[in-house]
Number of protein chains: 2
Amino acid sequence: MDTARKRNTAREESLEVILHHAEQIFAEFGFKGATMQAIADASGLPKANLHYYFPTKLALYREVIERIFTIWLEAANSFDTSANPREALTRYIRKKMEISRAHPCGSKVWANEVIQGAPIIQDYLQTTLNEWTDTRIRVINRWVAEGKIATVDSRHLLYMIWATTQHYADFQHQVVTLNGGKRLNDAQWDAATKNVTEIILKGIGA
Amino acid sequence: MDTARKRNTAREESLEVILHHAEQIFAEFGFKGATMQAIADASGLPKANLHYYFPTKLALYREVIERIFTIWLEAANSFDTSANPREALTRYIRKKMEISRAHPCGSKVWANEVIQGAPIIQDYLQTTLNEWTDTRIRVINRWVAEGKIATVDSRHLLYMIWATTQHYADFQHQVVTLNGGKRLNDAQWDAATKNVTEIILKGIGA
DNA sequence: AAAACCTTTGACCATTTGGTCAGGTTGAGG
DNA sequence: CCTCAACCTGACCAAATGGTCAAAGGTTTT
């Protein structure tokens, strides 16, 4: 690590630290409830320093949302349109469950945003998400037409997958409370994933 | 409407108006994001008047949450433990979908609360919800033991039902956006309910 | 009619909070 | 060394907001 690199690296590290903690604070308190001071404290930086990297709270929030969206797209690609239904859906559900476990805060921020009418991400919903959904719906409809799965409304099937997998992130606190206050362990996550996958696959006759 | 009744009625009407609008504002902006001024404006009352009926913002919020919990319990009872799986689950899912349609804001406030770690309703989760869940899990397990449904983890089945039905309330904005910006009509709600019910019932071999 | 009580409201206050800024520090290049 | 640009930070400010209060307006009871 020499000369010119040092500064850039330090900058990236600061950005990373801030974004990471901002995600957690935004998830826990919502956009308005999260304060720059709280994010600063969590990041171990003075508040003014945050404003050096991100001019406004909204700008910081946007970046957080965009990172989440990137992760979300990663899962989206695991829905392999060329595979058969069993394979494609199994992989997709597993990936979504993994994301719920690895990035619960991101999922929570996204949920919060949608609940509040998606003031920031409206364009994502209308463009990227809408297009992605349309292509998958077409794929699922083809499966139905080819008799590979039962007659189901593909849109509602997608909603069911999203809802169920994201539940383990967004309602993490409720799930943990009903688990005696203990976070799910490896085996429990496995069981959850398996159950969700099996019920859905069986439910659509795949 | 004479004498002593008038005051009580007026009082109840004021309370109703405030609670109704508070629910919407809390759903749209979260606890911190909602302002007493905004709730007052929506209710057509001066802010000071809200504080006459509810000493603090938190007290108002608690009442809103409690109303939601009451509605939630109403659905809970529709899970008739004496019926057979097909009947019990069909009725329960339908009821939950109806609530999602009739009280989306209530569901959103609840979701927001849970996402943020349930600072207010923690006791509900640990007591009422926990007990309710336990009894239903026992019922479902009996169904499994009696061979009435396939071998599934009853807890995850419940989570799936909650997640899927509440998705139509909490993610209403996303659902509407992906529906071309139009709210679901009667037929679409019917289709959603039917699809959810069928996939789940078939998925557990009921 | 008048006392007692409930309800309404505009004006006000203390605190919180997003954002600014001037001055300081650090490290790269000459 | 010295200069310059990038980076950091304590102190500060204006606006927003939860909550208070005293006075006024109604309604019920005696």
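All residue numbers here refer to positions counted from 1 along the written sequence of the relevant chain. Here the convention is simple: chains get letters from A, ligands get numbers from 1, in the order in which they are written. With the structure being a predicted model, the display of local features is reserved for residues of pLDDT at least 70 and the display and counting of side-chain atom pairs for 80 or more, all residues being used for whole-chain, interface and lining totals. Heavy atoms from the whole structure form the basis of all side-chain values; hydrogens and water molecules are not counted.

A. The arrangement of the relation of the copies chain B and chain A in detail. Copy-to-copy alignment: least squares on C-alpha atoms, limited to residues at pLDDT 70 or above in both. Mapping chain B onto chain A calls for a screw motion: a turn of 180° about the axis and a shift of 0.0 Å along it, with 0.1 Å RMSD after fitting. As the rotation angle and translation indicate, the two copies are arranged about a two-fold axis. The C-alpha atom lying nearest the rotation axis in chain B is that of G203(B); the distance is 1.8 Å. A shared binding surface is used by both copies, with 100% of the interface residues of chain B retained as interface residues in chain A. By definition in these notes, contact holds between two residues if any of their heavy atoms fall within 4.5 Å.

B. Main features of helix α2 (residues 36-43) of chain A. All names here are of chain A. Exposure classes here rest on a 1.4 Å probe applied to the protein chains alone. A residue is buried below 20% of its type maximum, exposed above 50%, and partly exposed in between. Under the scheme used here, helices are H or I runs from DSSP no shorter than 4 residues and strands are E runs no shorter than 2 residues, and both carry numbers assigned from the N terminus. The set of residues buried in α2 consists of M36, I39, A40 and S43. In an axial view of α2, the angular spread of the buried residues amounts to 100°, which keeps them on one side of the axis. Once α2 finishes, G44 follows within two positions and takes phi at roughly 70°, a positive value. Regarding the arc, it is the one traced by the directions from the helix axis to the C-beta atoms.

C. Structural context of the packing of aromatic side chains. Ring geometry is summarised as follows: Phe, Tyr and Trp rings, the Trp one being its six-membered ring, pair when their centres sit within 6.5 Å, and such pairs are stacked at plane angles under 30 degrees, edge-to-face over 60 and tilted between the two. Counted under the stated rule, the structure contains 32 aromatic pairs over all chains. When the centroid spacing of 6.4 Å and the interplanar angle of 35° are considered together, the rings of W132(B) and W162(B) count as tilted. Residue W132(B) is located in helix α7 (residues 122-145), and its partner W162(B) is located in helix α8 (residues 154-170); the two are separated by 30 residues in the primary sequence. Judged by its relative accessible area of 8%, W132(B) is buried. The class of W162(B) is buried, set by a relative accessible area of 2%. Three or more aromatic residues link up through ring pairs in this structure, and these residues are F69(A), W72(A), F79(A), Y92(A), W110(A), Y124(A), W132(A), W143(A), Y159(A), W162(A), Y168(B) and W189(B). Sitting over a ring, as applied to charges here, requires NZ of Lys or CZ of Arg to be within 6 Å of the ring centre and within 35 degrees of the ring normal. One cation-aromatic arrangement involves K57(B) over F31(B); the distance from NZ or CZ to the ring centre is 4.8 Å. In this structure, R136(B) is placed above the aromatic ring of F79(B), and the distance from its NZ or CZ to the ring centre is 5.6 Å.

D. Layout of the interface of chain B and chain A. Taken together, the contact pairs 53 residues of chain B with 53 residues of chain A. A per-residue breakdown of the area chain B buries against chain A is headed by I115(B), L178(B) and I199(B), which together make up 17% of the total. By definition, a salt bridge exists where a carboxyl oxygen of Asp or Glu is found within 4 Å of a side-chain nitrogen of Lys or Arg. Applying the counting criterion to the chain B and chain A interface returns zero salt bridges. Residues adjacent in sequence count toward polar contacts only when both atoms are side-chain atoms; beyond that, a polar contact is any pair of N or O atoms within 3.5 Å, and within protein one must be able to donate a hydrogen and the other to accept it. Across the contact surface, chain B and chain A share ten residue pairs in polar contact (both at pLDDT 80 or more). When residues of the side of chain B that touches chain A are traced back to their parent elements, those giving at least two are α1 (4-33), α6 (104-115), α7, α8, α9 (172-177) and α10 (186-203) of chain B. With twelve residues, the top contributor of residues to the side of chain B that touches chain A is α8(B). Residue type decides the class: Asp, Glu, Lys and Arg count as charged, Ala, Val, Leu, Ile, Met, Phe, Trp, Tyr, Cys and Pro as nonpolar, and the leftover types, Gly among them, as polar. Broken down by class, the residue content of the side of chain B that touches chain A amounts to 26 nonpolar, 20 polar and seven charged. Note: buried area is the sum, over both parts, of the accessible area (probe 1.4 Å) each one loses when the two are combined.

E. Fine view of the nonpolar core. Only buried Ala, Val, Leu, Ile, Met, Phe, Trp, Tyr and Cys residues count toward a nonpolar core, and they belong to the same one when joined by side-chain atoms within 4.5 Å. The biggest cluster of nonpolar side chains holds 132 residues, and the ones touching the most others in it are L60(A) and L60(B). Not counting residues up to four positions away in its chain, the partners in contact with L60(B) are I18(B), L19(B), A22(B), F26(B), M36(B), I39(B) and F54(B).

F. Region of interest: unusual backbone geometry. Here A118(A), not a glycine, exhibits a phi torsion of approximately 50°, which is positive. Relative to the assigned elements, A118(A) resides in the loop between α6 (104-115) and α7 (122-145).

G. Fine view of the pattern of salt bridges. One pass over the full model with this rule turns up 16 salt bridges over all chains. A salt bridge links E146(A) to R142(A), with the shortest nitrogen-to-oxygen separation between them at 3.9 Å. Looking at E146(A), the relative accessible area reads 44%, which means it is partly exposed. With a relative accessible area of 42%, R142(A) lands in the partly exposed category. The shortest N-O distance in the salt bridge between R91(B) and E87(B) comes to 3.4 Å. Placement of the pair is R91(B) and E87(B) together in helix α5 (residues 85-102), with a separation of four residues, close to one helical turn. Here E87(B) falls in the partly exposed class, since its relative accessible area comes to 40%. One connected set of salt bridges, linked through shared partners, spans D80(A), E87(A) and R91(A).

Taken by themselves, the reported measurements are silent on function.
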